[in-house]
Amino acid sequence: MNGHGNSDCTYISCLHYCYLLSSHLNNRKQYTVISDYQSKLQTVTCGVPQGSVLGPLLFLIYVNDIQSAVSSATAKLFADDTNLFFHCKHPEELYTIANTSMVQFV
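The numbering scheme is per chain: residues are counted from 1 as the chain's sequence reads. Residues qualify for local features only when their pLDDT is at least 70, as the model is predicted, and side-chain atom pairs are given and counted only at 80 or more; totals for whole chains, interfaces and linings, by contrast, use all residues. Hydrogens are left out, water is left out, and the side-chain values use all remaining heavy atoms of the structure.

*Asks:* Got a sec to walk through the overall build of the protein? Specific residues and values, please.
*Replies:* Looking only at helices and strands, one finds 4 helices and 6 strands in the protein. Helices and strands in the protein line up, N terminus first, as α-β-β-β-β-α-α-β-β-α. Three exposure classes are used, based on accessible area relative to the maximum for each residue type with a 1.4 Å probe and protein chains only: buried under 20%, partly exposed in between, and exposed over 50%. Every one of the 106 residues in the protein was classed for burial, and the buried ones make up 13%. The long-range fraction of contacts in the protein, counting pairs at least 24 apart against all pairs at least 6 apart in sequence, stands at 23%. Calculation of accessible area relied on Shrake-Rupley with a 1.4 Å probe; when residues are assessed, cover is drawn exclusively from the protein chains displayed. Approximately 9,400 Å² of the protein is accessible, and the part contributed by carbon and sulfur atoms is 58%. The way it works is that DSSP assigns letters per residue, a run of H or I at least four long becomes a helix, a run of E at least two long becomes a strand, and they are numbered from the N terminus. Contact between two residues is taken to exist if any of their heavy atoms lie within 4.5 Å; hydrogens are not considered.

Next comes the structure, spelled out in structure tokens:
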């Protein structure tokens, strides 16, 4: 064993946490109730579970690097709001830059 601990244990711990996170995000289902009507149970394929302790942390991990994702814009983040600012003297060029940049998010 080196002075930094057992690498096998670190690898196993990483796998354990990856499995734990995966099980939290996968195979989720939800339904909606309005008055006396209840919708069918549907599989949730995206997003962060609402009301969970991990929700805010997962959201931060998801949006934390958004500023580096679009080099042609200045991103301003506040809570769960994101604004992208594009600057250009010509409206047609601004339109092209903004639309090209937004494609990077899809």
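*Asks:* Go over helix 2 (residues 54-63), please, and point to the residues and values.
*Replies:* Listing the buried residues of helix 2 in full gives Gly 55, Leu 58 and Val 63. All buried residues of helix 2 fall inside an arc of 120° around its axis, so they share one side. Of the exposed residues in helix 2, the ones pointing more than 90 degrees away from its buried face are Pro 56, Leu 60 and Ile 61. Each C-beta atom gives one direction from the helix axis, and the arc is the one those directions make.

*Asks:* Explain the side chain of Arg 28 to me, and be specific about the residues and the numbers.
*Replies:* Of note, Arg 28 is situated in strand 1 (residues 28-30). Excluding its chain neighbours within four sequence positions, the residues that come into contact with Arg 28 are Gln 42, Thr 43, Val 44, Cys 46, Gly 47, Val 48 and Pro 49.

*Asks:* Go over the layout of surface pockets with me, naming the residues and quoting the values.
*Replies:* Definitions used for this entry: grid spacing 1 Å over protein atoms alone; cavity, a set of points where a 1.4 Å probe fits but cannot get out; pocket, an open set with protein on both sides within 12 Å along at least 5 of 7 lines; lining residue, one with an atom within 4 Å of a point. Grid points are joined across faces, edges and corners, and a volume is the space filled by probe spheres set on the points. One number sums up the size of the largest pocket: a volume of about 180 Å³. Along its surface, the largest pocket is lined by Leu 25, Gly 47, Val 48, Leu 58, Phe 59, Tyr 62 and Val 63. Its residues assigned to classes, the lining of the largest pocket shows 6 nonpolar, 1 polar and no charged. Three residue categories are used. Nonpolar comprises Ala, Val, Leu, Ile, Met, Phe, Trp, Tyr, Cys and Pro, charged comprises Asp, Glu, Lys and Arg, and polar comprises the others, including Gly.

*Asks:* Tell me about the pairing of strand 5 (residues 74-78), and name the residues and values.
*Replies:* Where a strand is regular, its side chains alternate between the two sheet faces. Note: strand 5 against strand 6 (residues 81-85), 5 bridges, orientation antiparallel. Bridge pairing in strand 6 places Thr 74 opposite Phe 85. Two strands are counted as paired when DSSP detects at least two bridges linking them. Hairpin connection between strand 5 and strand 6: a loop of 2 residues separates the two successive antiparallel strands, and Ala 79 in this loop has a positive phi of roughly 55°.

None of this, on its own, says anything about what the molecule does.
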